[in-house]
Structures are given as structure tokens and as C-alpha cells.
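# Coordinates in review
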Amino acid sequence: MTADGGIPGPGGFGGRPSYQLPPVTSTAPDWAALAEANEREHRRRRLRLRIGAGALGVALIGGAVATAVALSGPSDNTGNTSAPAVTAQPDGPASGAPSADPSPGPADPASASAPASASGSAQPSGSASARTGAKPTESATGKPNAPAPTLPGLTLGGGAAVGGTAGHTGPTLVLHGNTDGWADSGSPVVDTSRSFTVSAVVRNNAPTGGRAVVTQGGDSYYSFYLGRDDWGAHNQWVFKVQTAAGAQDNTTYQAFSTAAGAATTGRWTLLTGVYDAGAKKITLYVDGVLQQTTAVQGVWQTTGGLQLGRVRYKNAWSDFWDGAISDVQVWDQALPATAVAQLNGSGGTSAGTTAKRSWLLP
């Protein structure tokens, strides 16, 4: 062995050369390094598992939310859900349902839905406006509905109608001789303590019976009456007044038409009654022609309304007009014969002086 611990090579031990052994290398594993490498690998695996699990959880949650939204309906304020409501429209498809014709057309706001009644209910689909789509202010033909018949200052009975009548220009009050055919002012129009004139263009359809055109009175009896008298062989136009209270026939004074001016049916006639308070007389004109003048003591003043088509007689309504009444006018003066003639020449519309009240003029 050499001094440095090697094996003697050539030249060593008896002149033979000496040999040096290579250093000894340890083959024991580095456990610390292996443990560290193993720990790193485990950490990488755990990280990959966590990432994968997280991604899967997000996907599952997203799918569940999407499914819940698709299946759920709108919620009310209480948190409850319900299916979308489908509201039926009158004579049309349900709202939200596709139309048979997808092309848009002009919108009509008035007919987009049925109008509500006062109770808030929809108009029945069986009504004319729902079936035709007509606006509420139109008839089924598309023409404006005629307004309800009215005469300013007068209340009409249920059997009275305002409209046209053959052979006459302008509006007429059409009556049928029944108890609900009349018009009533409700309060006096004529001051019977003073002079006055009443006039009307009439067509009589009744062959018999007393028929009132224009009257005014109280609860029990009339104060004046313009119309037609019919009793026995007597069938004449008449203007008559009650001269005193008491509802007695013996205080009634009359001016009749002549034989030539007998009351007719089916013919338009201008009747004009005049009371002259200063001269204390009443006069009847037929078609502008003087018929009769009668002296009177005065005219009983009453508190009842002016009537068209009926009279108050012995505490009851009577003498209902059958036919048509038009061009009703009242003056607070006694018209002279010349003015009455002018009234007739105008067809009953103008006497050359303005009337106090008038109805049914053209």
C-alpha cells in the first residue's frame, strides 16, 4: 500500500509499479429529493382536480338556472308564479296569438278593443259594433247614429218622435194619438194675462175626436187651446180660452173655423190663435185667413207648462194629437192680420217679427 493509500503499481513492492484505486461512489438514493419531487407531483394533481371540479360545478349550476328560467312563468308580488294569461278579444284572435294575416294594416284606436261598460265589463261580442268593427258613434252601416230626439226646453213623452214627414220641409214632431205622445215645457211659456199669439203648421191624421196642438194650463184645466174640435156634426179648427178659474165649460170662449175651413185630415194646415188683451178678444186664422173673432173677459192665468199634442181637461190628460206638428211659435204680442198673412206666405216660419219662443223650424 502506498503512502497515499493506493495499491502499489509497477515500481512498487519490489520494483513493480503501483496502482491507485478509483474513488468509491455511494449508490444510496437521495430520499429528501425524492420526497420533495413526490410532494410537487401530488400538489399538481390536487390542483388539476380542483380546477376540473370547479368547472364541472359551474356548468351544472348554469344548466340548472337555465332550466328553471325556461320552466318558470312570471311572478306576482307574492312570489308565486303563474302561466301567462291569454285575453280573448271580441270577435278576434286571443292576444298574443299570431294573426292570420301578418301584414300590418292601418290602426283604428277606437275599434282596437271593445269599450268597457260602467261596470268595467267588456262590450258583448254579439253587439253590432263588435260584429262589424264600427265605432261606438256609428251604426252598423258606418253612418253616424242619429242623436236622441230633443226639443230645447221641452220634455218628450215616450211615444213622441222628432223627424221628417212627407210633404213638409223641416223637422216635425210625430205623434200617434196615444197617452205617451206629447211634449211638455214643465213651466209656463205664455203670460196669459197679456196679449199673445200661438201658431203651428200641422197635419191631422185622426178622422174624429178633439185633438190638441198647443195648449197651456194648470193641474185641472187649460187656459188656452189651439187645435181641432169634433162633436156631433161639428168638426172645426178652434182657438179657445178659459176666462176664469173653476174648470167649468161655461167659462170657455171659442173662435171656430168657418165651413170652408173645416178640419181636414192628411193636409198641412197653418193654425194661428191671437189674444188681444187690450181689445179683449180672441181670433183664429187658418192658412193666414181670418176665421172668427170672439169677445172675452180675459184669460185665466195658470202655472202649468206649455203642451204640444195634449191638453189638461177636468184633471186628466186628453185630446192626444195624431199626426205631425211643426213650426211652433209663440209671440208675446197680438200679431195683426198683415203679420199673420206674411206668416202664411213664409210657410209658417216668419211673421216679420221675432217670436218669443219657437220649435221645429227649418
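Located above this text is the structure these notes cover.
Below or above, wherever it landed, is the structure these notes cover. Residue positions are counted from 1 within each chain, in the order its sequence is given. Where totals are concerned, whole chains, interfaces and linings use all residues; where local detail is concerned, this predicted model gives features only for residues with pLDDT of at least 70, and gives and counts side-chain atom pairs only at 80 or more. Side-chain metrics in this entry use all non-hydrogen atoms of the structure; hydrogen atoms and water are not considered.

### Points about the overall build of the protein
- In terms of regular secondary structure, the protein is built from three helices and 19 strands.
- Counting the 362 residues in the protein, one finds 34% classified as buried.
- When checking whether two residues touch, look at their non-hydrogen atoms; a contact exists if any pair is within 4.5 Å. Long-range pairs, those at least 24 residues apart, make up 59% of the contacts in the protein with a sequence separation of at least 6.
- Summed over its atoms, the accessible surface of the protein is roughly 20400 Å², and 57% of this surface lies on carbon and sulfur atoms. Runs of E in the DSSP output that reach at least two residues are strands. Runs of H or I that reach at least four are helices, and both are numbered from the N terminus. Here's how the labels work: a residue is buried when its accessible area is under 20% of the maximum for its type, exposed when over 50%, partly exposed in between, all with a 1.4 Å probe on protein chains only. Under the convention used here, a 1.4 Å probe and the Shrake-Rupley method define accessible areas, while residue burial counts only the protein chains that appear.

### Here we look at the pairing of strand S13 (residues 281-286)
- Most of S13 sits inside the fold, with five of its six residues counted as buried.
- At least two bridges found by DSSP between two strands is the condition for calling them paired. Strand direction decides the pairing type here: strand S12 (residues 268-276) and S13, joined by six bridges, are antiparallel. Along S13, the bridge assignment pairs Tyr275 with Ile282.
- Hairpin connection of S12 to S13: four residues between the antiparallel strands, including Lys280 at a positive phi of 55°.
- What sits between the antiparallel neighbours S13 and strand S14 (residues 289-295) is a turn of two residues, in which Asp287 has the positive phi angle 50°.

### Let's talk about unusual backbone geometry
- Of note, the phi angle at Asp287 is positive, near 50°, even though the residue is not glycine.
- Along the chain, the position of Asp287 falls in the loop between S13 and S14.
- For Asp287, a relative accessible area of 22% gives the class partly exposed.
- In this structure, Asn315 takes a positive phi of about 70° despite not being glycine.

### Brief notes about the sheet that holds strand S6 (residues 183-184)
- A sheet is described by the order of its strands in space; here seven strands give the open sequence S3-S6-S15-S8-S9-S10-S11, paired in antiparallel fashion. On the outer flanks of this sheet lie strand S3 (155-156) and strand S11 (252-256), each paired with one strand and no other.
- Two elements, S3 and S6, share two bridges in a ladder whose sense is antiparallel. Residue Leu156 lies in a different strand from S6, and its bridge partner there is Ala183.

### Topic: the nonpolar core
- Residue types Ala, Val, Leu, Ile, Met, Phe, Trp, Tyr and Cys, when buried and joined through side-chain atoms within 4.5 Å, form a set referred to as a nonpolar core. Within the largest apolar cluster, 37 residues are counted, with the highest numbers of intra-cluster contacts made by Leu173, Phe224, Phe239, Ile325 and Trp359.
- The leading source of residues in this core is strand S7 (residues 196-204), at four residues.
- Apart from the residues within four sequence positions on either side, Leu173 is in contact with Leu151, Leu156, Ala160, Ala161, Val162, Ala183, Leu308, Gly323, Ala324, Ile325 and Leu360.
- Residues Val201, Leu270, Trp331 and Ala339 belong to the second largest nonpolar core, which totals 13 residues.

### Overview of the side chain of Arg228
- You can see Arg228 is positioned in strand S9 (residues 222-231).
- All tallies of charge rest on Lys and Arg as positive and Asp and Glu as negative; His and the ends of each chain are not included. By definition here, a salt bridge exists when the distance from a side-chain nitrogen of Lys or Arg to a carboxyl oxygen of Asp or Glu is within 4 Å. Look at Arg228: it is buried, it has no salt bridge, and the nearest opposite charge is Asp230 at 4.1 Å.
- The residues touching Arg228, leaving out its near neighbours within four places in the chain, are Asn204, Ala206, Pro207, Thr208, Gly209, Gly210, Arg211, Asn235, Gln236, Trp237, Val238 and Ala263.

### Some remarks on the packing of aromatic side chains
- Here a pair means two rings of Phe, Tyr or Trp (six-membered ring of Trp) with centres within 6.5 Å. Their orientation is stacked below 30 degrees between planes, edge-to-face above 60, and tilted elsewhere. Taken as a whole, this structure holds six aromatic pairs when the rule is applied.
- Between the aromatic rings of Phe196 and Phe224, the centroid separation amounts to 5.1 Å while the plane-to-plane angle is 40°, which identifies the pairing as tilted. Within this pair, whereas Phe196 is found in strand S7, its partner Phe224 is found in strand S9, the two being separated by 28 residues in sequence. By the burial criterion, Phe196 is buried, and Phe224 matches it.
- Between Phe196 and Phe239, the ring centres sit 6.4 Å apart and the planes meet at 80°, which makes this aromatic pair edge-to-face. Of this pair, Phe196 sits in strand S7 while Phe239 sits in strand S10 (residues 234-242), and the two are 43 residues apart along the sequence.

### Notes on helix H3 (residues 337-345)
- Buried residues of H3: Ala339, Val340 and Leu343, and no others. Buried residues along H3 cover an arc of 100° about the axis, so they all sit on one side. Those residues of H3 that are exposed and aimed more than 90 degrees away from the buried face are Thr338 and Gly345.
- Where H3 is buried, its residues meet S7, S12, S13 and strand S18 (322-331).
- Following H3 by one or two positions, Gly347 has its phi on the positive side, about 80°. It is the directions from the helix axis to the C-beta atoms whose arc is reported.

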